[in-house]
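These are the residues of each chain, in order.
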Amino acid sequence: MASYRTITIAETCESYRCLQERSVLEGMEALGRKGIPVGCRRGGCGVCKVQVIEGQFTKRVMSRAHVSAEEEASGCVLSCCIRPSSDLRLRIVGAMKKNVCHSPAMAAL
Amino acid sequence: MAMTGVLRPGHAQLRVLDLEESVKWYTDVMGLVPMGRDKQGRAYFKTRAERDHNSIILRQADQAGIDFFAFKVLDKTTLEDFDRKLNAYGVKTERIPAGELLGTGERVRFKIPTGHTIELYAEKKDVGNGMGYNDPEVDVLSGPGIRPIRMDHALLYGADLDGSTKLFTEVLGFTLVERVKMEDGKTDLAVWLTCSAKAHDLAMVRHAEDDKLHHVSFQLQSWEGVLRAADIMSINRVSIDMGPTRHGITQGTTIYFFEPSGNRLETFSGGYDHYPDMHPITWSWEEVGRSIFYHDRKLNDAFLGVVT
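Residues numbered from 1 in each chain as written. Chains lettered and ligands numbered in written order. Predicted model: local features only at pLDDT ≥ 70, side-chain atom pairs only at ≥ 80, totals over all residues. Heavy atoms only, no water.

What about the overall build of chain B?
1) Next: Per the secondary structure count, chain B includes 6 helices and 17 strands.
2) Next: For 308 residues, the compact-globule estimate of 2.2 N^0.38 gives 19 Å, and the C-alpha radius of gyration of chain B, at 18 Å, lies within 12% of that figure.
3) Next: A principal-axis box enclosing the C-alpha atoms of chain B has dimensions of 50 × 50 × 45 Å.
4) Next: Each of the 308 residues in chain B was classed as buried or not, and the buried ones make up 59%. (Helix = DSSP H or I, 4+ residues; strand = E, 2+ residues; numbered from the N terminus. Rg over C-alpha atoms; globule rule 2.2 N^0.38 Å. Buried < 20%, exposed > 50% of the residue type's maximum accessible area, 1.4 Å probe, protein only.)

Some points on the pattern of salt bridges
1) Next: For the coordinates displayed, the defined rule picks out 33 salt bridges over all chains.
2) Next: Here Arg33 of chain A and Glu14 of chain A are joined by a salt bridge, their closest N and O atoms 3.1 Å apart. In this pair, Arg33 of chain A is assigned in the loop between helix H1 (24–30) and strand E3 (49–54) and Glu14 of chain A in strand E2 (residues 14–19), connecting sequence segments 19 residues apart.
3) Next: In this structure Glu14 of chain A comes out as partly exposed when scored by relative accessible area, which is 35%.
4) Next: With a shortest N-O distance of 2.8 Å, Asp152 of chain B and Arg150 of chain B are connected by a salt bridge.
5) Next: By relative accessible area, Asp152 of chain B is classed as buried at 1%.
6) Next: Each of the salt bridges in this network shares a partner with another, and the network as a whole consists of Asp38, Arg42, Glu100, Arg107, Arg109 and Glu119 of chain B. (Salt bridge = Lys/Arg side-chain N within 4 Å of Asp/Glu carboxyl O.)

Quick notes on the confidence of the model for chain B
1) Next: Mean pLDDT for chain B: 96, with 99% of residues reaching 70 or above.
2) Next: Predicted as a complex, the structure gets a pTM of 0.94 and an ipTM equal to 0.91. (pLDDT = per-residue confidence, 0-100.)

Regarding helix H3 (residues 161–171) of chain B
1) Next: Taken as a whole, H3 of chain B has its buried residues at Leu161, Gly163, Ser164, Thr165, Leu167, Phe168 and Val171 of chain B.
2) Next: Count one or two residues on from H3 of chain B and you reach Gly173 of chain B, which has phi positive near 80 degrees.

Some remarks on the environment of Ile36 of chain A
Residues and elements named next belong to chain A.
1) Next: Within the secondary structure layout, Ile36 lies in the loop between H1 and E3.
2) Next: Classification of Ile36 as buried rests on a relative accessible area of 3%.
3) Next: In the structure, Ile36 is positioned 29 residues away from Ile7 in sequence and 11 Å away in space, judged by C-alpha atoms.
4) Next: Beyond its immediate stretch of four places on either side in the chain, Ile36 contacts Ile9, Tyr16, Val24, Leu25, Met28, Cys48, Val50, Ser79, Leu90 and Ile92. (Contact = heavy atoms within 4.5 Å.)

Things to note about the side chain of His116 of chain B
1) Next: Summarising the element assignment, His116 of chain B is placed in the loop between strand E7 (107–111) and strand E8 (117–121).
2) Next: Excluding anything up to four places from it in sequence, His116 of chain B contacts Phe110, Lys111, Leu156, Tyr157, Gly158, Asp211 and Lys212 of chain B.

Notes on the interface of chain A and chain B
1) Next: Facing the 23 residues of chain A at the interface are 32 residues of chain B.
2) Next: Note on chain A versus chain B: buried area summed over both sides is about 2000 Å², and carbon and sulfur give 63% of it.
3) Next: Linking chain A with chain B are 1 salt bridge.
4) Next: In this structure, Arg60 of chain A and Glu21 of chain B form a salt bridge, with 2.9 Å as the shortest nitrogen-oxygen distance.
5) Next: Connecting chain A to chain B are 7 residue pairs in polar contact (both at pLDDT 80 or more).
6) Next: Here the residues of the side of chain A that touches chain B are counted per class, giving 13 nonpolar, 5 polar and 5 charged. (Buried area = accessible area lost by both parts, 1.4 Å probe. Polar contact = N/O pair within 3.5 Å; in protein donor to acceptor, adjacent residues only side chain to side chain. Nonpolar A, V, L, I, M, F, W, Y, C, P; charged D, E, K, R; others polar.)

As for the packing of aromatic side chains
Residues and elements named next belong to chain B.
1) Next: Under the counting rule described, the total for this entry stands at 11 aromatic pairs over all chains.
2) Next: Both rings, one in Trp25 and one in Phe257, keep their centres 6.4 Å apart while their planes meet at 40 degrees; by these two values the pair is tilted. Pair noted here: Trp25 is in helix H1 (residues 19–28) and Phe257 is in strand E15 (residues 253–258), with a separation of 232 residues, a long-range link. This pair shows no difference in class: Trp25 is buried, exactly as Phe257 is. (Phe/Tyr/Trp six-rings, centres within 6.5 Å; stacked < 30°, edge-to-face > 60°.)

Quick look at the sheet that holds strand E5 (residues 76–78) of chain A
All names here are of chain A.
1) Next: With respect to topology, 5 strands assemble into an open sheet ordered E2-E1-E7-E3-E5, the strand pairing being mixed. Edge strands, defined here as strands with exactly one partner in the open sheet, are E2 and E5. This sheet shows a mean twist of 40 degrees between the axes of neighbouring strands, independent of strand direction.
2) Next: Relative to strand E7 (residues 88–92), strand E1 (residues 4–9) runs parallel, the two being bridged by 3 bridges. Within E7, the position partnered with Ile7 by the bridge is Leu88. (Pairing = 2+ DSSP bridges. Axes fitted to C-alpha atoms, helices over the stretch in contact; angles between N-to-C directions.)

Structural notes on the nonpolar core
Residues and elements named next belong to chain B.
1) Next: Core analysis: the biggest nonpolar cluster contains 58 residues, and Tyr26, Ile56, Phe110, Leu120, Phe168, Leu172 and Val216 have the highest contact counts within it.
2) Next: Element by element, the count of residues in this core is highest for helix H4 (residues 223–235), at 5 residues.
3) Next: With residues up to four places along the chain from it excluded, the contact list for Val216 reads Ala12, Leu14, Ile56, Ile66, Met151, His153, Ala154, Arg264, Leu265 and Glu266. (Core = buried A, V, L, I, M, F, W, Y, C linked by side-chain atoms within 4.5 Å.)

Quick look at the sheet that holds strand E2 (residues 33–37) of chain B
Residue and element names in this part refer to chain B.
1) Next: Here 8 strands make up an open sheet; going across it, the order is E2-E3-E4-E1-E5-E8-E7-E6 and the pairing mixed. Each edge of the sheet is formed by a strand with only one pairing partner; in this case those strands are E2 and strand E6 (93–96). Each adjacent strand pair in this sheet contributes to an overall mean axis angle of 25 degrees, direction not counted.
2) Next: Against the sheet, helix H2 (residues 76–88) touches strand E1 (6–16), strand E5 (65–73), E6, E7 and E8, its axis set at about 150 degrees to E6.

Thoughts on the confidence of the model for chain A
All names here are of chain A.
1) Next: For chain A, the mean per-residue pLDDT works out to 88, and 85% of the residues sit at or above 70.
2) Next: The weakest mean pLDDT in chain A belongs to helix H3 (residues 104–107) at 43; the strongest belongs to strand E6 (residues 82–84) at 98.
3) Next: Taken together, the stretch residues 97–109 has pLDDT below 50 and engages in 26 contacts with residues farther than four places along the chain or on a different chain.

Section: the pairing of strand E3 (residues 43–46) of chain B
Regular strands show a simple pattern: their side chains alternate between the two faces of the sheet.
Residues and elements named next belong to chain B.
1) Next: Residues Ala43 and Phe45 point to one face of E3 and Tyr44 and Lys46 to the other, with burial holding for every one of them.
2) Next: With 3 bridges joining them, E2 and E3 adopt antiparallel strand pairing. Residue Val33 lies in a different strand from E3, and its bridge partner there is Lys46.
3) Next: Between E2 and E3, which pair antiparallel one after the other, the connecting turn spans 5 residues, and Gly41 there sits at a positive phi close to 95 degrees.
4) Next: Of the pairings in the sheet, the one linking E3 to strand E4 (residues 56–60) comprises 3 bridges and is antiparallel in character. Residue Ala43 lies in a different strand from E4, and its bridge partner there is Leu58.

As structure tokens, this is what we get:
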């Protein structure tokens, strides 16, 4: 029997249900929902960073270039690397700050 | 065209977050051939069709990305010659002794203006593609996994695009094949360079952060092979960034996807041949979407924003 958890994005109060064995990011994407920026989905690029405010999760290894050990310990993690073991409330931390509109290389022109 | 100087991309060393998970994935999903590990614990791979000992090296690290990208040159005399030319151009080089990478001869290592570490080498152990050099059969590359033909090229991101382009074209003999201009119509946003008759052996995009990897690319036989790769990716729940689709630039068919540490890879097929007498193709800022993703005709957020 599939087991779901409810993920709530604090900024928008939007929520979606996520399979317990899916990452919080992929759970959002699978339903066509938006909110958390999507990057590599494998813990390398850092764009899907969130702060978990409430709830429990399991995690896999993520890049130290984007999440320090202290951050990780405080629940500031990449949403592609965490799976919900309870309902979660989270805040979006990572922005697509390097995309075409905001790239310093572009802005410099 | 006589092939001299820099022959082709030879190896890429990637940083991975979980070596054992990655070794399994590169073996089972990518269908690369494991070629052993060295004393440092680095894991080596080649495609089945490649004849040289290795083309992908994985190193366990706490962040993803690329350590270095290397090109094979014609012979040892050519290697010495490039070392001298780089020094004369003002680029400091370092010699990495033969054997530091398994099966690989002495390497000349240097940093390019976009911050990437590039290597040149002349010798890598010829282990063959398993078909032999006398009366070989065709290898239909059957079996599990994507099984690409070869590691083909890389796309690197960094700030001083002009500096790196100048180094590759003026010192290492690369030719400009295509480029995308920025809004001002003058500054290059991206360049595609070749050292052979391929549409590209190296591409670079202007980016605020240096030493970033956009992707390492593997060649497939056909568009049908690209679709087969996409099926294998979905079966294995591989994170797909874009595709299957076609690039306007090089006209190759493509999938961008991410390996288990978030380093982007590409499987592609096709693309036209380029000879040094051919005029470079220029894309304008307004057509950048079509230049990168020919069918969507727009960039996705990840193209300029997601790198390792």
